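# Structural characterization, general
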Amino acid sequence: MNSQWFQIKTKLLNNIVWILLLLAVIVIGGLDSSFFTPTIMGNVLSQAAVLGILSFAQSFAIMLGLIDLSLLGVMSFSATMGLILIERGAPVFLAIPVIFITGALLGAMNGFLIAKLKAVALVETLAVKLTLLGAFLVITEGRAITSMPAFYKWFGQGTMLGIPTLPIALALVFVVVYILWNKTPYGRSLYAVGGNENAAHTSGIKVDHVKIIAFTISGFLAGVAGFFLSAYMGAVTSTFGTSYDMNNIAAAVIGGVACSGGQGNVLGVLGGVLLLTVIQVGLQILGVSSYYVQMINGLIIFVAVLLDALRLKTQQQP
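Summarised in this report is the structure supplied together with it. (Residues numbered from 1 in each chain as written. Predicted model: local features only at pLDDT ≥ 70, side-chain atom pairs only at ≥ 80, totals over all residues. Heavy atoms only, no water.)

### Here's the deal with empty space enclosed by the protein
For the structure on display, the rule yields one cavity of 30 Å³ or more. Empty space within the largest cavity amounts to approximately 30 Å³. Taken together, Gln58, Asp68, Leu69, Leu71, Leu72, Asp245, Met246, Asn248 and Ile249 make up the full set of residues lining the largest cavity. Residue composition of the lining of the largest cavity, grouped by class: five nonpolar, two polar and two charged. (1 Å grid on protein atoms, 1.4 Å probe; cavity = no way out; pocket = protein on both sides within 12 Å on 5 of 7 lines; lining within 4 Å. Points joined across faces, edges and corners; volume = space filled by probe spheres on them. Nonpolar A, V, L, I, M, F, W, Y, C, P; charged D, E, K, R; others polar.)

What follows is the structure, given as structure tokens:
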């Protein structure tokens, strides 16, 4: 009986994000049926795209038992670099790769400092975030960047075969990350290093390389998120992306990526992203005052940490 209860509890905790998502959809839809209209559903998927890409980026760090607080800074700075090139006459097909490469290089720098110089990830990435946000303000002088050609905006506001481009982008990133985590030697190494770094090193895995690659991918995805968010908004402002700053951590942890590292799955992260987005959009539809939104966001992060602790406690039980 105890064994059966343990298995049931484990399955519930591992799939709790989908249960919560279903409950959120039922409650919000019950309170306001307009939530189920195609327009609102499309809005949910579009808003989930940027948060989803950032959450996948964050998951690479959390899978190692680390954290990357620099994502907001990397996202803002990378997008700014590309858009400044466009303002100065550079073609879009050149500016977009610059955004991605800038993100990847910043991520690689984080990875090198953490892996080779043994910098504390929490402090190092926070310092990088603050530095990049400051540099972003210095470069733009606090002004909004709105000079974007229609082709650039299409990536965030357009459609393909009647489907908005942002959900398509999220689906592509999901597939790539899924393959990387589950079908490649690097994915197996990522799980191994996050689960037990010393054992991974003893078995011949190049731990430092795994960490540097993880943070490089994290930075690259932050650049991708910055590109799509700037195209969606049609501008880069001083508050660019701030609503995603902590939610990307919450989405990953609620989705089952263990803060201690070595555990997690891509589908769970997607569930966490959809849950947070449904709640955010639902609050707007229900007319909840913005004064309560920050408090609710804090409660969501608290729930994410609590669920992670419960999962860990359950796994440690004999």
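### Quick notes on unusual backbone geometry
One non-glycine residue with positive phi stands out, namely lysine 118, at about 60°. Structurally, the position occupied by lysine 118 is in the loop between α5 (92-115) and α6 (121-140). For lysine 118, a relative accessible area of 55% puts it in the exposed group. Of note in the backbone geometry, leucine 161 takes a positive phi value of approximately 55° without being a glycine. (Helix = DSSP H or I, 4+ residues; strand = E, 2+ residues; numbered from the N terminus. Buried < 20%, exposed > 50% of the residue type's maximum accessible area, 1.4 Å probe, protein only.)

### Some remarks on the pattern of salt bridges
Across all of its chains, the model carries five salt bridges by this definition. Taking the shortest distance from any N to any O, the salt bridge between arginine 143 and glutamate 87 comes out at 3.1 Å. Taken together, the positions of arginine 143 in the loop between α6 and α7 (150-157) and glutamate 87 in helix α4 (residues 71-87) put the pair 56 residues apart, joining distant regions of the chain. Judged by relative accessible area, glutamate 87 falls into the partly exposed class, the value being 32%. (Salt bridge = Lys/Arg side-chain N within 4 Å of Asp/Glu carboxyl O.)

### Quick notes on the packing of aromatic side chains
The tally for this structure, following the rule as stated, stands at 12 aromatic pairs. Judged by centre distance (6.3 Å) and plane angle (50°), the ring pair of phenylalanine 56 and phenylalanine 174 falls under tilted. Taken together, the residues span a long stretch of sequence, with phenylalanine 56 in helix α3 (residues 38-62) and phenylalanine 174 in helix α8 (residues 165-182) at a distance of 118 residues. In terms of burial, phenylalanine 56 and phenylalanine 174 fall into one category: buried. An aromatic cluster of at least three residues, connected via ring pairs, comprises Phe100, Phe151, Tyr152, Trp154, Phe155, Phe220, Phe227 and Phe228. (Phe/Tyr/Trp six-rings, centres within 6.5 Å; stacked < 30°, edge-to-face > 60°.)

### Structural notes on a nonpolar patch on the surface
On the surface, Phe151, Trp154, Met160 and Leu161 cluster together into a nonpolar patch covering about 480 Å² of accessible area. Here phenylalanine 151 is to be found in helix α7. (Patch = residues over 30% accessible without salt bridge, like charges linked within 9 Å, V, L, I, M, F, W, Y side chains within 5 Å. Areas by Shrake-Rupley, 256 points an atom, 1.4 Å probe, with all protein chains shown as cover.)

### Structural notes on the layout of surface pockets
Approximately 340 Å³ is the volume found for the largest pocket. As for the largest pocket, its lining consists of 20 residues, and the residues nearest its centre are Ala169, Leu172, Val173, Val224 and Phe228. Elements with a contribution of two residues or more to the lining of the largest pocket: α5, α7, α8 and α11 (207-233). Per-element tally for the lining of the largest pocket: the top contributor is α8, with eight residues. Broken down by class, the residue content of the lining of the largest pocket amounts to 19 nonpolar, one polar and no charged. Counted as a void, the second largest pocket has a volume near 270 Å³. Contributing to the lining of the second largest pocket are 14 residues, with Gln47, Ser243, Tyr244, Gln280 and Gln284 lying nearest its centre. Looking at the lining of the second largest pocket, the elements that each hand over two or more residues are α3, α11 and α13 (266-285). Residues of the lining of the second largest pocket, tallied by class, amount to seven nonpolar, seven polar and no charged.

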